[in-house]
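Report on the structure
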Amino acid sequence: TQELPDNIHDLVKSGVSINACSLRQIATFGEALPGAPIGLRFNPGLGSGATNRTNVGGPASSFGIWHEHLEEAKALVARYELKVFRIHTHIGSGSDPEVWKRASALSLRIAAEFPSVTHFNMGGGFKVARMEGERATRLQEIGPPIAGLLEEFSREHGRELHMEIEPGTYLMANAGAVLSRVQDVVTTSADGYTFLKLDCGMTEVLRPSLYGSQHPISILQEVPSGNSQPAIVVGHCCESGDILTPAEGDPEALLPRELPVSQPGDLAVISDTGAYCSAMSATNYNSFPQAAEVLLHPDRSFSLIRRRQTLEQIVQNELDTGL
């Protein structure tokens, strides 16, 4: 994490293992818990992401201990007699197997510097193909080369490492959808755009505004219009960045989608929102409440798993100063 928790003692006592992501975090952890087990996250010097905003490795990334600071990290570990049991790295959400292999090799060289290391964590970031033409990470391509590197490490150093991965997005991204309604349709000049305004937006799906990410969008109509038009889909926030159809990888640019000619009241389904949507929302932006969440069971029945937030819940922590 970028921010080391204040309650380190309680977390470690409860069984939570902590990865230090900077030299200062190693020192802070060591002062609080000398001699304790610790994981170290390193920046191996390269990253992999579809855009700079999803690239969390290399010299332009603040995540992890820069690999050239290895000796300083080792000195801090020795000073506080810490037991480094995990080397962790996370380079982004790219799909190039060669980058994954290079990052693994660089990280294993770091692991070799700590004889106490038993766990090797490559993080997550396995890219999911949401749109036609996108290239997903193929675990079948990146797995065997990394397995080979681990076997080579074991032969060379006489110890096997327990490999960990964090595939949350890969498992969940296609498992959710946001159901909304078209609440307005507006047009600008002849050289402008048609905008479909939804009753959801960056408060539920922040990825397009943040990354220029693409999500499939379907318009459902009781009576199909039979015609289509290029349209920009936007959210309900008073924010020009609340765009659901930006250009790929460029949240500053607009990219119209060919969608059915729509009317207020039509349903709009934003697909593949099972990851980095509910958990990464612009919660209460413009005082919009958190949306309700519904679980679809295998038998096609539904359960409400989160109620829609109320105004009282939004303001419950505000204090009356008497002014």
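Bear in mind the structure is a predicted one, so any value in this text is a computation, not a measurement.

**Re the overall build of the protein chain**
Of regular secondary structure, the protein chain possesses eight helices and 16 strands. In terms of principal-axis extent, the alpha carbons of the protein chain reach across some 70 × 60 × 45 Å. Considering the protein chain as a whole, with its 323 residues, one finds that 42% of them fall into the buried category. Expressed as a percentage of contacts within the protein chain between residues at least 6 apart in sequence, the contacts between residues at least 24 apart total 70%. In the form shown here, the protein chain has an accessible surface area of approximately 17,800 Å², with 51% of it arising from carbon and sulfur atoms. Positive and negative side-chain charges in the protein chain, numbering 25 and 38 respectively, have mean positions lying 5 Å apart.

**Some words on the packing of aromatic side chains**
Applying the stated rule across the entire model yields four aromatic pairs. Their ring planes at 45° and their centres at 6.5 Å tell us that Phe 42 and Phe 114 sit as a pair that is tilted. With Phe 42 in strand E2 (residues 37-43) and Phe 114 in the loop between helix H4 (97-111) and strand E5 (119-121), this pair connects stretches of sequence that are 72 residues apart. Of the two residues, Phe 42 and Phe 114, neither departs from the other in class, the shared state being buried. Relative to Phe 126, the ring of Trp 100 has its centre 5.1 Å away and its plane inclined at 25°; by these criteria the two rings are stacked. Separated by 26 residues along the polypeptide, Trp 100 in helix H4 and Phe 126 in the loop between E5 and helix H5 (139-157) bring together distant segments of the chain. The class of Trp 100 is buried, set by a relative accessible area of 1%. The exposure class of Phe 126 is buried, given its relative accessible area of 4%. Following the ring pairs from residue to residue traces out a cluster consisting of Trp 100, Phe 126 and Tyr 170.

**Some details on the environment of Leu 196**
Checked against the element boundaries, Leu 196 lands in strand E8 (residues 194-198). Its relative accessible area of 0% is what places Leu 196 among the buried residues. Sequence spacing of Leu 196 and Gln 221 is 25 residues, and the spatial spacing of their C-alpha atoms is 14 Å. Leave out the neighbours within four places in its chain, and Leu 196 touches Asp 184, Val 185, Ile 219, Gln 229, Ala 231, Ile 232, Val 233, Val 234, Leu 259 and Ser 262.

**Focus on the pairing of strand E7 (residues 177-187)**
On any regular strand, side chains alternate: one points to one face of the sheet, the next to the other face. In this sheet, strand E14 (residues 267-271) lies alongside E7 in antiparallel orientation, the contact comprising five bridges. Residue pairing in the sheet places Leu 179 in a bridge with Val 269 of E14. Of the strand pairs in this sheet, E7 and E8 are connected by five bridges, and their pairing is antiparallel. Bridging from a neighbouring strand, Val 182 pairs with Leu 198 of E8. Where E7 folds back onto E8 in an antiparallel hairpin, the turn is made up of six residues.

**Observations regarding the sheet that holds strand E13 (residues 257-260)**
Strand order in the open sheet made by the six strands is E9-E14-E7-E8-E10-E13, with mixed pairing throughout. If you trace the sheet from one side to the other, it starts and ends with strand E9 (217-220) and E13, each paired once. Strand after strand, the sheet turns through a mean of 50° between neighbouring axes, direction not considered. Examined bridge by bridge, strand E10 (residues 228-234) and E13 share four bridges and lie antiparallel to one another. Bridging across to E13, Ser 228 finds its partner in Pro 260.

**Some points on a nonpolar patch on the surface**
A surface patch of nonpolar side chains, amounting to about 430 Å² of accessible area, comprises Val 294, Leu 296, Phe 302 and Leu 304. Only strand E15 (293-296) and strand E16 (302-306) provide two or more residues apiece to the nonpolar patch. Taking relative accessible area as the criterion, Leu 304 reaches 55% and is therefore assigned exposed.

**What to know about the nonpolar core**
Membership of the largest hydrophobic core comes to 39 residues, with the highest contact counts inside it found for Ile 26, Leu 40, Phe 42, Ile 87 and Phe 114. For this core, the secondary-structure elements that each account for two or more residues are helix H2 (23-32), E2, helix H3 (70-79), strand E4 (83-88), H4 and H5. In terms of residue count, the dominant contributor to this core is H4 (six residues). Setting aside its immediate chain neighbours within four residues, Phe 42 contacts Gly 64, Ile 65, Trp 66, His 67, Leu 70, Ala 73, Ile 87, His 88, Thr 89, Ile 110 and Phe 114. Counting residues in each nonpolar core, the second largest holds 15 residues, with Val 178, Leu 198, Val 205 and Ile 217 among its members.

About the thresholds
- Residues numbered from 1 in each chain as written.
- Predicted model: local features only at pLDDT ≥ 70, side-chain atom pairs only at ≥ 80, totals over all residues.
- Heavy atoms only, no water.
- Helix = DSSP H or I, 4+ residues; strand = E, 2+ residues; numbered from the N terminus.
- Buried < 20%, exposed > 50% of the residue type's maximum accessible area, 1.4 Å probe, protein only.
- Contact = heavy atoms within 4.5 Å.
- Areas by Shrake-Rupley, 256 points an atom, 1.4 Å probe, with all protein chains shown as cover.
- Lys, Arg positive; Asp, Glu negative; His and termini not counted.
- Charge placed at Lys NZ, Arg CZ, Asp CG, Glu CD.
- Phe/Tyr/Trp six-rings, centres within 6.5 Å; stacked < 30°, edge-to-face > 60°.
- Pairing = 2+ DSSP bridges.
- Axes fitted to C-alpha atoms, helices over the stretch in contact; angles between N-to-C directions.
- Patch = residues over 30% accessible without salt bridge, like charges linked within 9 Å, V, L, I, M, F, W, Y side chains within 5 Å.
- Salt bridge = Lys/Arg side-chain N within 4 Å of Asp/Glu carboxyl O.
- Core = buried A, V, L, I, M, F, W, Y, C linked by side-chain atoms within 4.5 Å.

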